[in-house]
Structure formats: C-alpha cells, structure tokens
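Coordinate inspection notes
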Amino acid sequence: MRWRLNMSRGQTRYPGKRAQSRCIRNSQWLGLGRQCQEATGHRCAQTRPGRCPSHCPAGSCEGPSRPAMLILSCSSKLRLLEGMLQRGLPDTLPVYGAVMHVNRGNPAGQEVLVDSWPAFKTVLTRPRREVARDPSDYFTNLYTAFYRDEGACRALLENSRAVDWGQAFQIQGAPADSARLSLQDGVYETIRDIARARGLEMETYPYRPLLHPDPPAMPQYRPDKGLRLAPVSPAHAMLLRDTWNFGRNSWSLRYLCLLIRHFPNACLLAPEGTPISWSLTDPLAALTHGYTLPEHRGQHHTRPVVGTLAAQLHARGFPVYTRVLPHNEPSLHTLQRLGFRILPGVFYQLMVRPGFTQSQSASALASAQDPAPSSGERPHTHST
C-alpha cells in the first residue's frame, strides 16, 4: 500500500489510518538538491522546488547536492534525540542541555539540525532566523555542535545554510579527552579553517568543564544571618551587566534579561534587597554568570546560591554542570568542595565575527578575578 505526500498540508497520510499523520513540514530537508520526506530519508536529484517526483523510490535517486541538513522540529523526534544524547553524557554536553530547553518551551528560540535521521552523525543547535535578527549580537547568536563523524560535521558547518557566516556568533561543544583540543577537534578545526578562508577573526577561550555526579548529595548551606536566597529579579539586570567584563552594552543587557526571566537562577540578597552573590543558567543548561561582589568575597556566599540552583536544575531533570576559567582557582576549589568533578580535557568556546578586536577580549579575560563559580566566563554569554 502506497503512501502519498501532501505538500500543501505538510503531512504524510497513510490510507486506512485516519488518525495517523507525520510532521513533514516541521522537519525540513535543505540543500541544493531536494530531499524526499524524512520517512524515506533519501537524497533526490530533482531540482524543481518543493517537490520530489513520484516515480523516484527511496534511495534510488542520488544527484549532486550539498550535504543534507534536516531541521528537526517534530516534537517526538526531538524527545527521541534528547534520549540519545542523554545516553552519551558527558560527551554530549552542552548540546544535550540545548535540546532539553528546546523540548521544554524553547525560551531562547533555538532550533536543532542533524545531517540525517534517525542515524545522525552530527547535531547542531542554532538560533532561529527570526531570533538572530541582529548580525552583531554575538550573545544571541549561539551555536552548539556534537558529532560522531568528523566528515559529516565539517560538511554541515561548511554549509552556509546551516551556519550564518555573515553574522557574529559563538559556538560551543563537548570537551574531548585531555590529549586532544576539545570542542571535538573537527568543530574547532572546521571553524578555524572557514574563518581564515573568509577573512574572519576567531577567538578561542578555554575553560575547565565540571559536572556534579550526584546533585541530591550536594551539601546545602544556609545563608548567613540577615541574608536571604531569592530568584534574580529583572530589576537587577543593570547590576549584573555593569559587573560583567564582557557586558556593559545593550546586547548583554538584553541577553541577561532573557536569562533572568526564562532560565533557573538564584541570588543572595542583603537586608536592603541588593544582590551580593548570584548565578544564572543559560540556554545550554549550564551554570553561568556566577559572581560575588568584591566586598563580600571570601565568606562562602556562593555555596548556598549554587546549592539552591543545583536543586532547581536537578528537579527539572537537567544535568548540573558548569565551566570555569583555568586560572580561577577559588571557583574551582569551591565547586569541588560542593562535589563537582573536573571532567577530562579543556572546554573551548569559539567566537567568530568580522572586525573582532583581539586585544580587547584578551585583556578582559586576563582581568577576570571573580571567585564565584562561573559556568563560562566568556565574552558572549557568561560573566567574568
């Protein structure tokens, strides 16, 4: 019994099964040659837009095309992908965290791409086109990548329909073992090569990745007398921006407001209601933007903040992980005392944008002295 593809409705209907339909419009194949519906998964040489010939059986038509790119937005497939990535932890961090947020309301407006389905070789998350409206907003233009096959990863990253190389962006990936470069070698090398070929500047920021293996076992500390735990308020966004070495602009303020309003966070308030220590989480589900005001450091204020935030994340099913600059020994020590374990290797965050000023970013990194845990004190999405 043959199925028929209803392109106008974006569904595949099966005769005799009125209740069954599959989301074809929600999973789009993009490339020079058109791709048949994801149920067949084959590459078609037909060039007429929006249609695959009925005489072309699955797998029989292989024409010249760019590497396949499937925007995976069908909810059932996204949940299945989440389970696959979960089984690969911790190697799949932070792509796993990004997919989890997509499956839970998608507050950052991300979308998920794979090279094939269900036997994918690479996964890429990126902001939706309507979200990445500002080509200079490297806070919002956040990508993550994970691959099982380096060639498939390179092919996808080189596809200008997968990565908008005309915008400033940042990309993150999972750490590799300590003998390798991390961010998985293929991601780093491909981004580096393409940036050089296009005359773009690329900056690399290294972090130590940390993961808590058993969040319920994390010791819980009460705040000192007169202090109280609370969520970070949007009214505090200006304070967070002004204490962030890589912030202090309209992009960072908008980004911080997004994190405060839509992602788990916690802070410690002084009696007058001013935050003295805080930590946020980002679209990758990582603890980030950890900071303690200089006059309140050395008093272990980060412990109750991190403990509270870790409990929130664990209750929602998220892993509890973060990233810290290698020289930030106070944060590393505090987190290890709370039970975090340093993962092998080094996590690299890459930033690509035209006209990037290397000296400015390097000096900002060098000046980072924050002893509060910071899941990525990086120039785009995390504080220093």
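Notes on the structure follow. (Residues numbered from 1 in each chain as written. Predicted model: local features only at pLDDT ≥ 70, side-chain atom pairs only at ≥ 80, totals over all residues. Heavy atoms only, no water.)

With that settled, the discussion passes to the overall build of the chain. Broken down by element type, the chain carries nine helices and 17 strands. By the burial criterion, 54% of the 384 residues in the chain qualify as buried. Of all intrachain contacts in the chain linking residues separated by at least 6 positions in sequence, the fraction that spans at least 24 positions is 68%. Counting every atom, the chain has about 16,800 Å² of accessible surface; 49% of that belongs to carbon and sulfur. (Helix = DSSP H or I, 4+ residues; strand = E, 2+ residues; numbered from the N terminus. Buried < 20%, exposed > 50% of the residue type's maximum accessible area, 1.4 Å probe, protein only. Contact = heavy atoms within 4.5 Å. Areas by Shrake-Rupley, 256 points an atom, 1.4 Å probe, with all protein chains shown as cover.)

Turning our eyes to something else, we now look at the environment of Glu-111. Inspection of the secondary structure puts Glu-111 in strand E6 (residues 110-114). Counting along the chain gives 40 residues from Glu-111 to Ile-71, while the straight-line C-alpha distance between them is 7.2 Å. One polar contact links Glu-111 to Arg-126, side chain to side chain, over a distance of 2.6 Å. (Polar contact = N/O pair within 3.5 Å; in protein donor to acceptor, adjacent residues only side chain to side chain.)

It is worth spelling out the packing of aromatic side chains at this point. Under the criterion given, the structure shown has nine aromatic pairs. Cluster of aromatic residues (ring-pair linked, three or more members): Tyr-138, Phe-139, Trp-244, Trp-251 and Tyr-255. The residue whose ring lies beneath Arg-303 is Tyr-221, and the NZ or CZ to ring-centre distance is 5.1 Å. Looking at Arg-323, its charged tip hangs above the ring of Phe-347, at a distance of 4.6 Å from the centre. (Phe/Tyr/Trp six-rings, centres within 6.5 Å; stacked < 30°, edge-to-face > 60°. Lys NZ or Arg CZ within 6 Å of the ring centre and 35° of its normal.)

This paragraph deals with the nonpolar core. Counting residues in hydrophobic clusters, the biggest one holds 64 residues, and the most contacted among them are Leu-81, Leu-85, Trp-117, Phe-120 and Phe-340. By size, the runner-up hydrophobic cluster in this structure holds 25 residues, among which are Tyr-143, Tyr-147, Leu-156 and Tyr-348. (Core = buried A, V, L, I, M, F, W, Y, C linked by side-chain atoms within 4.5 Å.)

The topology assignment puts His-289 in strand E14 (residues 287-292). Polar side-chain contacts of His-289 include one of 3.5 Å to the backbone oxygen of Leu-240.

What follows deals with the pattern of salt bridges. Following the criterion strictly, the structure yields eight salt bridges and no others. For Glu-158, the salt bridge is made with Arg-154, and the minimal N-O distance between the two is 3.6 Å. Residue Glu-158 and its partner Arg-154 are located together in helix H3 (residues 150-158), separated by four residues, close to a single helical turn. The exposure class assigned to Arg-154 is partly exposed, which follows from its relative accessible area of 24%. Here Arg-154 ties to Asp-193 by a salt bridge, and the two come within 3.3 Å at their closest N and O atoms. Placement of the pair is Arg-154 in helix H3 and Asp-193 in helix H4 (residues 185-197), with a sequence separation of 39 residues. Overall, Asp-193 belongs to the partly exposed group, its relative accessible area being 28%. One salt-bridge network, in which partners are shared between bridges, spans Arg-154, Glu-158, Arg-192 and Asp-193. (Salt bridge = Lys/Arg side-chain N within 4 Å of Asp/Glu carboxyl O.)

So, on to the side chain of Gln-172. Here Gln-172 shows up in strand E9 (residues 169-173). Take Gln-172: its relative accessible area is 0%, and that puts it in the buried class.

In terms of burial, E6 is a largely internal element, five of the five residues being buried. Taking every second residue as pointing to the same face, both faces of E6 are buried, with Gln-110, Val-112 and Val-114 on one and Glu-111 and Leu-113 on the other. Examined bridge by bridge, strand E5 (residues 69-72) and E6 share two bridges and lie antiparallel to one another. Counted as the bridge partner of Ile-71 is Leu-113 from E6. (Pairing = 2+ DSSP bridges.)

When two helices pack together, their arrangement is given by the angle between the helix axes and by the axis-to-axis distance. Relative to each other, helix H1 (residues 75-87) and helix H2 (residues 95-102) sit at 155°, their axes nearing to 9 Å. It follows from the interaxial angle that H1 and H2 lie roughly antiparallel. Crossing of H1 against H2: the hand is left-handed. When H1 is examined against H2, the residues Leu-78, Leu-81, Glu-82, Leu-85 and Gln-86 are found in contact with a partner set consisting of Val-95, Tyr-96, Val-99, Met-100 and Val-102. (Axes fitted to C-alpha atoms, helices over the stretch in contact; angles between N-to-C directions. Parallel < 35°, antiparallel > 145°, perpendicular 65-115°, else oblique. Left-handed = near helix turned anticlockwise from the far one by under 90°.)

Every buried residue of helix H8 (residues 329-337) is listed here: Ser-331, Leu-332, Thr-334 and Leu-335. Along H8, the residues classed as buried sweep out an arc of 165° about the axis, all on the same side. Here the buried face of H8 lies against strand E10 (201-211), helix H7 (302-315), strand E15 (321-324) and strand E16 (341-342). Remark: Gly-339 follows H8 within two positions and exhibits a positive phi of approximately 105°. (Arc of directions from axis to C-beta.)

So, about unusual backbone geometry. A cis amide bond links Leu-89 with the next residue in sequence, Pro-90, at an omega value of 0°. By the secondary structure assignment, Pro-90 is in the loop between H1 and H2. Each neighbour pair has its own omega, and for Trp-117 with Pro-118 the value is 5°, a cis peptide bond. Counting through the fold element by element, Pro-118 comes out in the loop between E6 and strand E7 (122-127). Although it is not a glycine, His-289 sits at a positive phi angle of roughly 55°. One non-glycine residue with positive phi stands out, namely His-300, at about 65°.

Bear in mind that shape data such as this cannot, by itself, settle questions of function.
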